[in-house]
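Close look at the chain arrangement
Now for the letters of each chain:
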Amino acid sequence: MRVIAIDGPAGSGKSTVARALAARLGLEYLDTGAMYRSVTFAALRRGVDPSEVEQVARIVEDIELEVRTDGVTVDGVDATIEIRGPEVSRAVSIVAANPAVRAEMVRRQREWVATHDGGVLEGRDIGTVVFPDAELKVYLTADPEVRAQRRSKEVTDLDYETVAADLARRDALDQGREVSPLTEAADAFLLDTTGMDVEQIIDTIADVLGRGRIDG
Ligand code: CDP
């Protein structure tokens, strides 16, 4: 069973890389950030304060979560657009710092891999916590300004300053939390994607994996 872990902060190129690698390798792809965003969406929808640890913990006991490549369904509601919105982005790092939320999401991620016979997973703790024995661990970084530029191109309704501030705030929360903080695994392939385009990033990682094996 092949498992590839792609970790890094927002705007480092994780999603693009994970999708492309999955396609090349014939594996499924899982965006674990979408799972934390979905739990956050559920909390907001149920009127639960995202920082209420106990109440948020109760949500993950029975939340119906379907994270697919083409969208997300939360408790039967299509949340594909909302999970990327500013309300969810503002609250997601608080929800993701909740130990009960993490425990349940990690359990579901491992279950997903077992039922999909491997996969490419992107997130913050895949190589360090979820799959420490992954075949390949990639940790992507890029200068904060470059990451904010990439992200503000994706979201048309927010200006650069707002996006940059949200990224900086989430970086600090994700790196500073007690449970599974964002950090590179000791054996991860560290790639600074500042100044690289998508093709260069994919080719570099493909080289690491061994071209022969993944180009077929
Ligand atoms: O796409 P972007 O990089 O903006 O964020 P994301 O991957 O959708 O993740 C959103 C948030 O979920 C992150 O800021 C983390 O707080 C949390 N997250 C996490 O804690 N662990 C993961 N494996 C994935 C995401």
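The structure under discussion appears in the preceding block.
Residues numbered from 1 in each chain as written. Predicted model: local features only at pLDDT ≥ 70, side-chain atom pairs only at ≥ 80, totals over all residues. Heavy atoms only, no water.

**Some details on the overall build of the protein**
When helices and strands are tallied, the protein shows 10 helices and eight strands. Taken against the 2.2 N^0.38 rule, which gives 17 Å for 216 residues, the C-alpha radius of gyration of the protein at 17 Å falls within 12% of a compact globule. Counting across all 216 residues of the protein, residues that qualify as buried make up 48%. Excluding contacts between residues fewer than 6 apart, the proportion of contacts in the protein whose partners are at least 24 apart in sequence is 74%. Across the protein, 26 positive and 40 negative side-chain charges occur, with their mean positions spaced 1 Å apart. (Helix = DSSP H or I, 4+ residues; strand = E, 2+ residues; numbered from the N terminus. Rg over C-alpha atoms; globule rule 2.2 N^0.38 Å. Buried < 20%, exposed > 50% of the residue type's maximum accessible area, 1.4 Å probe, protein only. Contact = heavy atoms within 4.5 Å. Lys, Arg positive; Asp, Glu negative; His and termini not counted. Charge placed at Lys NZ, Arg CZ, Asp CG, Glu CD.)

**A short note on the site of the ligand**
Inspection of the region around the ligand gives 18 residues, with Arg37, Arg102, Arg151, Arg170 and Asp174 positioned closest. Between Lys14 and the ligand, the recorded distance is 3.3 Å, taken from a side-chain N or O atom to an oxygen atom. One nitrogen or oxygen atom from the side chain of Arg37 is found 2.7 Å from an oxygen atom belonging to the ligand. Protein burial of the ligand: of its 530 Å² of free accessible surface, 98% is covered by the chains. (Near = heavy atom within 4 Å. Polar contact = N/O pair within 3.5 Å; in protein donor to acceptor, adjacent residues only side chain to side chain. Areas by Shrake-Rupley, 256 points an atom, 1.4 Å probe, with all protein chains shown as cover.)

**Structural notes on the packing of helix α4 (residues 86–96) against helix α8 (residues 160–176)**
Between α4 and α8, the shortest axis-to-axis distance is 9 Å and the interhelical angle comes to 10 degrees. With respect to each other, α4 and α8 are oriented roughly parallel. On α8, the residues that touch Ser89, Arg90, Val92, Ser93 and Ile94 of α4 are Asp166, Arg169, Arg170, Leu173 and Asp174. Residues of the contact of α4 with α8, tallied by class, amount to three nonpolar, two polar and five charged. (Axes fitted to C-alpha atoms, helices over the stretch in contact; angles between N-to-C directions. Parallel < 35°, antiparallel > 145°, perpendicular 65-115°, else oblique. Nonpolar A, V, L, I, M, F, W, Y, C, P; charged D, E, K, R; others polar.)

**Notes on the side chain of Asp31**
Assignment of secondary structure puts Asp31 in strand β2 (residues 29–31). The exposure class of Asp31 is buried, given its relative accessible area of 11%. Within the local environment of Asp31, its side chain forms a polar contact with the backbone nitrogen of Gly33, the two atoms lying 3.1 Å apart. At 3.0 Å, the side chain of Asp31 forms a polar contact with the side chain of Arg84.

**Thoughts on the pairing of strand β1 (residues 3–7)**
With five of five residues buried, β1 lies mostly within the body of the structure. Of the two faces of β1, the one carrying Val3, Ala5 and Asp7 and the one carrying Ile4 and Ile6 are both buried. Bridge count between β1 and strand β6 (residues 119–123): five bridges; the pairing is parallel. Opposite Asp7, over in β6, you have Gly123 as the bridge partner. Bridging between β1 and strand β7 (residues 136–141) involves four bridges; their strand directions are parallel. (Pairing = 2+ DSSP bridges.)

**Structural notes on helix α3 (residues 53–62)**
Considered for burial, the residues of α3 that qualify are Val56, Ala57, Ile59 and Val60. An end-on view of α3 places all buried positions within 150 degrees of arc, on one side of the element. Of the residues in α3, the exposed ones pointing more than 90 degrees away from the buried face are Glu54, Glu61 and Asp62. The secondary structure elements touched by the buried residues of α3 are α2 (32–45), α4 and α5 (99–116). (Arc of directions from axis to C-beta.)

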